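Structural characterization, general
Residue strings, one per chain:
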Amino acid sequence: MRERLSLWAVFCLIVTFLPSHTESVAVMSVDLGSEWMKIAIVKPGVPMEIALNKESQRKTPVAVCLKENERLFGDSALGVAVKNPKVVYRFLQSILGKTADNPQVAQYQKHFPEHQLQRDDKRGTVFFKFSEELQYTPEELLGMILNYSRGLAQDFAEQPIKDAVITVPAYFNQAERRAVLQAAHIAGLKVLQLINDNTAVALNYGVFRRKDINSTAQNIMFYDMGSGSTTATIVMYQTVKTKESGTHPQLQIRGVGFDRTLGGFEIELRLRDHLAKLFNEQKKSKKDVRENLRAMAKLLKEAQRLKTVLSANAEHMAQIEGLMDDIDFKAKVTRSEFEALCEDLFDRVPGPVKEALAAAEMSMDEIDQVILVGGSTRVPKVQDVLLKAVGKEELSKNINADEAAAMGAVYQAAALSKAFKVKPFLVRDAAVFPIQVEFSRETEEEDGVKTMKHNKRILFQRMAPYPQRKVITFNRYTDDFDFYINYGDLSFLSEQDLKVFGSQNLTTVKLNGVGNSFKKHSDAESKGIKAHFNMDESGVLILDRVESVFETIVEEKEEESTLTKLGNTISSLFGGGSSEPTNMTEQVTDEEEVAPEAGKDQEQSEKQEESAQEKPETEEGKEGEPQAEEQKDNEEDKAETQGETDAEKAEKPEEKSDGEKAEEKEADKKPKPQKKSKISEDITVELEVNDVLDPSTEDMEVSKKKLQDLTDRDLEKQEREKTLNSLEAFIFETQDKLYQDEYLAVVTEEEKEQITGKLSEASNWMDEEGYTAGTKELKEKLSELRKLCKAMFFRVEERKKWPDRLAALNSMLNHSTIFLKSARLIPESDQIFTEVELKTLERVINETMTWKNETVAEQDKLSPTEKPVLLSKDIEAKLSLLDREVNYLLNKAKFAKPKPKDKAKDKNTTSTENSKANSTENAEKVIPTKSDEEEVKPAEESPTAEKKDEEKPILELNPAENTDTESTESSKSENRIGDEL
């Protein structure tokens, strides 16, 4: 019994910590492309599934339509784009995180002249002017789309979702990544990570080929040509050993090349302009079709279809009904014409491949295979040009070109979520753009002349792995100063790419409190000003904190006795730690120290002062090389660990060997050594953003409220439409039911006339005012009609339920009576039921039989139009009571054990009685077996068998197992508790 109670207590404790059923455990991913997005979810029982949209499609257009009183998304928005392109916003990715003077903003305005793009004077970015009162930033529009994607995921998962992993292009810089995070924040999404789309594809490929990955490195190139851009990525797969969890597969991004504007959309624009030229040449209209925005939108839609068809056919007929001024358009386009139009675009196809190889410092011979990703790689000419460029026998197509990124991202989402456990797959992403820290300080030359020297330190090199933490130490400052975080050498970008890239200056960091810290700790030795940086999983650089570190010499406390030391050591092994407080600055030991770049004219004293930091720089220089036993954040554990002083090691008594302890015991009388202690002082940091200003907290709240108001308006509209449809359906269905026999039988003529009149009145009101009425008025009208017809519907429903309910009750009464008779035939020596239990069952049977007969007789006297007294809920209550009593006795019989024989009786008498009892038992066993075969059969299996206990959940623990050691009344009580559970 004690074991059972302890198990029950443990179960209750476990249930306390389990997440509730209402808590969201599902996660989602959004593969956010320039034209399309794919949504994937993971929830308990559904591993990695693409979420379908409302049209049951696996991909959804990234488009939002803003009408006067509603919003449309996806395919519905595209449908409006042909009729009214001014209210539909698409291809927002290209202007995220861009200032108004960026070339891509001008390019966007050229592609979509129907939109009014204006400059935001506060941030320097752009916004869409929708009307005189309304305007929307690209982040707000993207936030609407992300919120819509969450709605699709929630509908598919059938539960709320907040956690998401979102894909972004690998070439997104810091401003563009922050813009996506801002859009997600406006949408109310918790972003677990921004994952590069090429990394997500590589992860998806590796997860499903885990068995093929071994300690031998495999280099694979993924060539991804989407709608808006093209990326080539070199990925190295191999298994690596980790200290924490053994050997696991790992992918490492070795090289990335990209073309921001080479994609399917540019091809479609070429085809659109070609079709416009053909229409003008037909001279069916005096107007230029290129000046008609609606006609150009129709041509773009036809160009998209034409591109797909020409990828499989040599020629095709383009045709549009009523292109302009009710004039139809029809023209034949061949694949050769199509390829000639895009010849300069196809020449740019090999570019990203060359850039990726250069970044990885590899040749094409080292690449095992090239895999195609993205919809635009289906164009035959693209494949032909790429095949020649890579020099391989064939291009691999062994991955889902459309959904690989979404599936890889959702795998990462499951790995980051605490609700799921996945097989580890290590990911080492790479920073495409180098980042450095710049600062100036005054130096004195040999001739005594003081000059300002500009210094640079590389923080993250090109293709440096992340997430990763770095710390930079400024050793020669004793007062407040500024330093700058900028991009490093971007000479690998073309002139046009540099213009699109935007500002190369990220942040100005102004430090306040440096001088005060030196005054406060004037008696201590300065160890420099340490700035702690973190490039997180999303590739966003964060300055965690800046601190001024000092070192001072303190007298060591009295030596503790050997027994006390031993006690402290044992305590530390079980989490007690050292008896002395740990300084907060010791947390920097997991960060990598970035060493200065020594110039030729640097002073010799400065070299000596910073020479201790040169070794970490050597480690940093190896970041680009593959290291089999490293994983993400691995570099953080090196530099500071190597730089531990002897004094720091002395603070760790748990690391001392037994021999050292013995020496200490013998050296108790020796002079006490002095000890070094670290002191840190936090420095106030003021950040000045130099690339693209983030929206203020107030602006973000305004944006969230703006989107919430639109969402509330959409929900109100949906609620009104739902109520309107319900009212219409109720009127028509009820009018039809009044002609059916089963309804005519339960209503009087007066009642029928009243209901018919109200329905006719409501129908006329619908035609005149109903379609313009508000939601509240519609609900009131529907509630009034339902109340009027409630009694009629109730009588009909009750009459429908009577036959089945009464048949079930009669069957239960018959079975219960047979069971009772069988139980009373059991001889007193073997009886397992008490007289009280049998009389209770008999009483319930009699009361139920009496109630049934009386109620049915009373109901027969009533007219069908009167309120019934025989109610289905009362029949179900009687059924439940009778079933419970019978099941209680059946459960007791299942687990009952035979009573022990009475040894005091005479042997002859006993044998005679036993023979009679056995014959009686054999006759008795036949009766319940026939009537309750399904109920009695499980009693043949022992409920205490160990195997069964392992298979059953703990919820099915039944207290009735202890009936042999407890009284009958307590057994009955426990069984009833078990039934309730």
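Described below are features of the structure shown in this document. (Residues numbered from 1 in each chain as written. Predicted model: local features only at pLDDT ≥ 70, side-chain atom pairs only at ≥ 80, totals over all residues. Heavy atoms only, no water.)

**With respect to the overall build of the protein**
Note the cut-off: Runs of H or I in DSSP of at least four residues are treated as helices and runs of E of at least two as strands, each being numbered from the N terminus. Classification of residues uses two cut-offs on accessible area relative to the type maximum, computed with a 1.4 Å probe and protein chains only: under 20% is buried, over 50% is exposed, and between them is partly exposed. Residue contacts are counted whenever heavy atoms from the two residues lie within 4.5 Å of one another. Exposure was quantified through the Shrake-Rupley algorithm and a 1.4 Å probe, taking into account, for residues, occlusion by the shown protein chains and nothing else.
Broken down by element type, the protein carries 31 helices and 30 strands. For the protein, the residues scored as buried account for 45% of the 981 residues in total. Contacts in the protein between residues at least 24 apart in sequence constitute 72% of all its contacts with a sequence separation of at least 6. Of the roughly 52200 Å² of accessible surface on the protein, 49% is carried by carbon and sulfur atoms.

**Thoughts on the packing of aromatic side chains**
Convention followed: Paired rings are identified among Phe, Tyr and Trp, the last through its six-membered ring, by centres lying within 6.5 Å, and are further divided according to the angle between planes into stacked (under 30 degrees), edge-to-face (over 60) and tilted (the rest). Charge over a ring is defined by NZ of Lys or CZ of Arg lying within 6 Å of the ring centre and within 35 degrees of the ring normal.
Inspection of every chain in the model, using the stated rule, returns 31 aromatic pairs. With a centroid separation of 6.2 Å and an interplanar angle of 85°, the aromatic rings of Phe 258 and Phe 433 are classed as edge-to-face. In this pair, Phe 258 is assigned in strand E15 (residues 246–259) and Phe 433 in the loop between strand E19 (426–431) and strand E20 (435–444), connecting sequence segments 175 residues apart. Classification of Phe 433 by relative accessible area gives buried; the value is 6%. Here the aromatic rings of Tyr 743 and Phe 793 are separated by 6.1 Å at their centres, their planes lie at 90°, and the arrangement is edge-to-face. Note that Tyr 743 is positioned in helix H23 (residues 741–744) and Phe 793 in helix H25 (residues 775–824), a separation of 50 residues in sequence. By the ring-pair criterion, three or more aromatic residues cluster together here, those being Tyr 171, Phe 172, Phe 258, Phe 433, Tyr 487, Phe 492 and Phe 501. The ring of Phe 474 is capped by Arg 457, whose NZ or CZ atom sits 5.6 Å from the centre of that ring. Directly above the aromatic system of Phe 492 lies the positively charged group of Arg 462, at a separation of 3.7 Å from the ring centroid.

**Looking at the sheet that holds strand E10 (residues 135–136)**
Short version of the rule: Each pair of strands is called paired provided DSSP finds at least two bridges between the two strands.
Pairing in this open sheet of 3 strands is antiparallel, and the strands run E8-E9-E10 from one edge to the other. At either margin of the open sheet sits one strand with a lone partner, and together these are strand E8 (117–119) and E10. Two strands pair when backbone bridges link them, and strand E9 (residues 126–129) and E10 are joined in this way by 2 bridges, in the antiparallel orientation. Within the sheet, the bridge partner assigned to Phe 128 lies in E10 and is Tyr 136.

**Brief notes about the side chain of His 111**
Following the sequence through the fold, His 111 ends up in helix H3 (residues 103–111). Sequence-distant contacts of His 111, that is, excluding residues within four places in its chain, are made with Phe 265, Glu 266, Leu 269 and Arg 272.

**Some points on the pattern of salt bridges**
To be explicit about the condition: What makes a salt bridge here is a side-chain nitrogen of Lys or Arg within 4 Å of a carboxyl oxygen of Asp or Glu, nothing more.
One pass over the structure, following the stated rule, counts 42 salt bridges. A salt bridge links Arg 469 to Asp 544; its shortest N-O distance comes to 2.7 Å. Separated by 75 residues along the polypeptide, Arg 469 in strand E23 (residues 468–474) and Asp 544 in strand E27 (residues 541–555) bring together distant segments of the chain. Residue Asp 544 is classed as partly exposed on the basis of its relative accessible area, which comes to 35%. Overlapping salt bridges, with partners in common, bring together Lys 67, Glu 70, Lys 717 and Glu 721 in one network.

**Considering the sheet that holds strand E6 (residues 71–73)**
The condition that has to hold: Whenever a helix is involved, its axis is fitted only over the stretch in contact; in every case the axis is a line through C-alpha atoms, and angles between N-to-C directions fall within 0 to 180 degrees.
Strand order in the open sheet formed by 3 strands is E6-E5-E7, and the pairing between neighbours is antiparallel. Among the strands making up the open sheet, the edge pair consists of E6 and strand E7 (88–90). Averaged over all pairs of adjacent strands, the angle between their axes in this sheet comes to 20°, without regard to strand direction.

**Some points on the environment of Gln 250**
Relative to the helices and strands, Gln 250 is located in strand E15. The exposure class assigned to Gln 250 is buried, which follows from its relative accessible area of 1%. Taking the C-alpha atoms as reference, Gln 250 lies 8.9 Å from Pro 424; in sequence the two are 174 residues apart.

**With respect to the nonpolar core**
The following threshold applies: Definition used in this section: a nonpolar core is a set of buried Ala, Val, Leu, Ile, Met, Phe, Trp, Tyr and Cys residues joined via side-chain atoms within 4.5 Å.
Ranked by size, the top nonpolar core spans 139 residues in total, and within it Leu 146, Phe 222, Tyr 237, Phe 474, Phe 483 and Phe 533 carry the most contacts. Not counting chain neighbours up to four residues away, the residues in contact with Phe 222 comprise Val 201, Ala 202, Tyr 205, Thr 231, Ala 232, Thr 233, Val 235, Tyr 237, Ile 371, Val 373 and Ile 399.

**Examining the packing of helix H22 (residues 697–737) against H25**
The criterion, for reference: Roughly parallel means an angle under 35 degrees; roughly antiparallel, over 145; roughly perpendicular, 65 to 115; everything else is oblique. It is the rotation of the near helix from the far one that decides the hand of a crossing: anticlockwise by less than a right angle makes it left-handed, clockwise makes it right-handed. Under the convention adopted here, Pro, Cys and the residues Ala, Val, Leu, Ile, Met, Phe, Trp and Tyr are nonpolar, Asp, Glu, Lys and Arg are charged, and Gly plus all remaining residues are polar.
The geometry of H22 relative to H25 is characterised by a closest axis approach of 10 Å and an angle of 30° between their N-to-C directions. The angle between H22 and H25 falls in the class roughly parallel. Two packed elements cross with a definite hand, and for H22 against H25 that hand is left-handed. Counted together, Glu 716, Glu 719, Arg 720, Thr 723, Leu 724, Ser 726, Leu 727, Phe 730, Ile 731, Thr 734 and Lys 737 of H22 and Thr 775, Leu 778, Lys 779, Lys 781, Leu 782, Leu 785, Arg 786, Cys 789, Met 792 and Phe 793 of H25 form the full contact between these two elements. Considering only residue class, the contact of H22 with H25 consists of 10 nonpolar, 4 polar and 7 charged.

**Thoughts on the environment of Glu 55**
In this structure, Glu 55 sits in the loop between strand E3 (46–50) and strand E4 (60–61). Along the sequence, Glu 55 and Gly 74 sit 19 residues apart, while their C-alpha atoms lie 9.5 Å from each other. With residues near it in sequence (within four places) discarded, Glu 55 still touches Asp 75 and Ser 76.

**Some points on the pairing of strand E1 (residues 27–32)**
With 6 of 6 residues buried, E1 is to be regarded as a mostly interior element. Here E1 folds back onto strand E2 (residues 36–43) in antiparallel fashion, the turn holding 3 residues.

**Looking at the pairing of E19**
The buried count for E19 comes to 6 of 6 residues, which makes it a mostly enclosed element. Because side chains alternate across E19, one face comprises the buried residues Leu 426, Arg 428 and Ala 430, and the other comprises Val 427, Asp 429 and Ala 431, equally buried. The sheet contact formed by E15 and E19 spans 3 bridges and is parallel. Paired with Gln 250 across the two strands is Leu 426, which belongs to E19.

**Brief notes about unusual backbone geometry**
A cis amide bond links Tyr 466 with the next residue in sequence, Pro 467, at an omega value of 10°. Mapped onto the elements, Pro 467 comes out in the loop between strand E22 (464–466) and E23. For Glu 158, which is not glycine, the phi torsion reads 60° and is therefore positive. In this structure, Glu 158 sits in the loop between helix H4 (138–157) and strand E11 (163–168). For Glu 158, a relative accessible area of 67% gives the class exposed. Positive phi, normally seen in glycine, also occurs at Asp 326, with a value near 60°. One can find Asp 326 in the loop between strand E16 (315–324) and strand E17 (327–334).

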